[in-house]
Amino acid sequence: MRKITAGLFISLDGVVEAPDEWHFPYFNDEMGAAVDATLGAAGTVLLGRRTYDSFAGAWPEREAAGGEDAPFAKKLGDARKIVVSKQRLGFTWRNSEQLDGDLATAVAALKNEPGGDIALSGSVSVVRQLLAAGLLDELNLLVHPIAVRKGMRLFDEDGPAIPLRLVSSEAFRTGALNLRYAPAGSPGDAGYDDAKTHLPGSGR
């Protein structure tokens with residue numbers, strides 16, 4: 001079964017909206033390698049419509065320009081790109097198509113197809129839905145050391161808790177963190193009486 005990994009730029013206070021307004025001062029070769037390891041290595045890229053529109057408005061031109069980012073732009077162009085939208089879309093960027101049918105059902109079928117792993121970039125509403133449906137295998141958060149203090153956050157205030165376990169962590173020279181999480185089972189029930197046994201001097 002193919003693995004789905006979602007990658008997001010996120011601020012210290014959980015904001016994921018408009019990263020172009022606060023993200024770039026923290027982008028270095030380390031973060032570039034982390035993005036390439038997920039997004040650049042995927043054979044299939046799953047995108048929400050707004051994220052797709054942003055990508056399609058920039059990366060084809062960057063590939064054609066032949067600059068430093070042209071090799072990465074070509075990887076994106078060559079990848080199969082599947083766009084999640086309730087509106088019927090038309091595409092000019094090569095290898096682009098629209099996801100048909102119910103999101104959870106279609107993505108479950110996509111995971112069972114042959115091929116390499118699937119990457120999901122940005123597209124917060126899609127990430128939330130796949131987490132809720134138990135279809136997301138890994139959540140890659142590139143945490144920036146800034147409190148943006150406005151904008152949409154990754155997790156909204158409605159719905160049940162989502163337990164996660166840390167798979168790996170890495171600190172970049174900029175102070176940004178590369179954190180990879182996978183879904184986890186319930187942490188169980190515990191209260192202060194359970195926690196205090198781990199305090200220094202508790203005798204346990």
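Remember, predicted model here, so these are calculated numbers, not experimental data.

Focus: the packing of aromatic side chains
For the structure on display, the rule yields 3 aromatic pairs. Ring plane angle 85 degrees and centroid distance 5.4 Å describe the contact between Tyr-52 and Phe-91, whose orientation is recorded as edge-to-face. Placement of Tyr-52 in helix H2 (residues 49-56) and of Phe-91 in the loop between strand E3 (80-84) and strand E4 (96-98) is noted, with a sequence separation of 39 residues between them. Tyr-52 sits in the buried class, given a relative accessible area of 4%. Seen from their ring centres, Trp-59 and Phe-72 are 5.3 Å apart, and the 65 degrees between their planes marks the pair as edge-to-face. You can see Trp-59 sitting in helix H3 (residues 59-65) and its partner Phe-72 sitting in helix H4 (residues 70-78), a full 13 residues away along the chain. Both residues of the pair, Trp-59 and Phe-72, count as buried. Members of the aromatic cluster, each reached through a chain of ring pairs, are Tyr-52, Phe-91 and Trp-93. One cation-aromatic arrangement involves Arg-62 over Trp-59; the distance from NZ or CZ to the ring centre is 4.6 Å. One Lys or Arg, Lys-81, reaches over the ring of Trp-93 and ends 4.5 Å from the middle of that ring.

A few points about the pairing of strand E2 (residues 44-48)
Among the 5 residues in E2, 5 count as buried, and that is most of the element. Side chains Thr-44, Leu-46 and Gly-48 project from E2 onto one buried face, and the interleaved Val-45 and Leu-47 project onto a second face that is buried too. Where E2 lies against E3, 5 bridges are found, and the strand directions are parallel. Note that in E3 the partner of Leu-47 across the bridge is Val-83. With 3 bridges joining them, E2 and strand E5 (residues 118-121) adopt parallel strand pairing. Note on E5: the bridge partner recorded for Thr-44 is Ile-118.

Thresholds applied
Residues numbered from 1 in each chain as written. Predicted model: local features only at pLDDT ≥ 70, side-chain atom pairs only at ≥ 80, totals over all residues. Heavy atoms only, no water. Phe/Tyr/Trp six-rings, centres within 6.5 Å; stacked < 30°, edge-to-face > 60°. Helix = DSSP H or I, 4+ residues; strand = E, 2+ residues; numbered from the N terminus. Buried < 20%, exposed > 50% of the residue type's maximum accessible area, 1.4 Å probe, protein only. Lys NZ or Arg CZ within 6 Å of the ring centre and 35° of its normal. Pairing = 2+ DSSP bridges.

In short, shape yes, function no, at least from these values alone.
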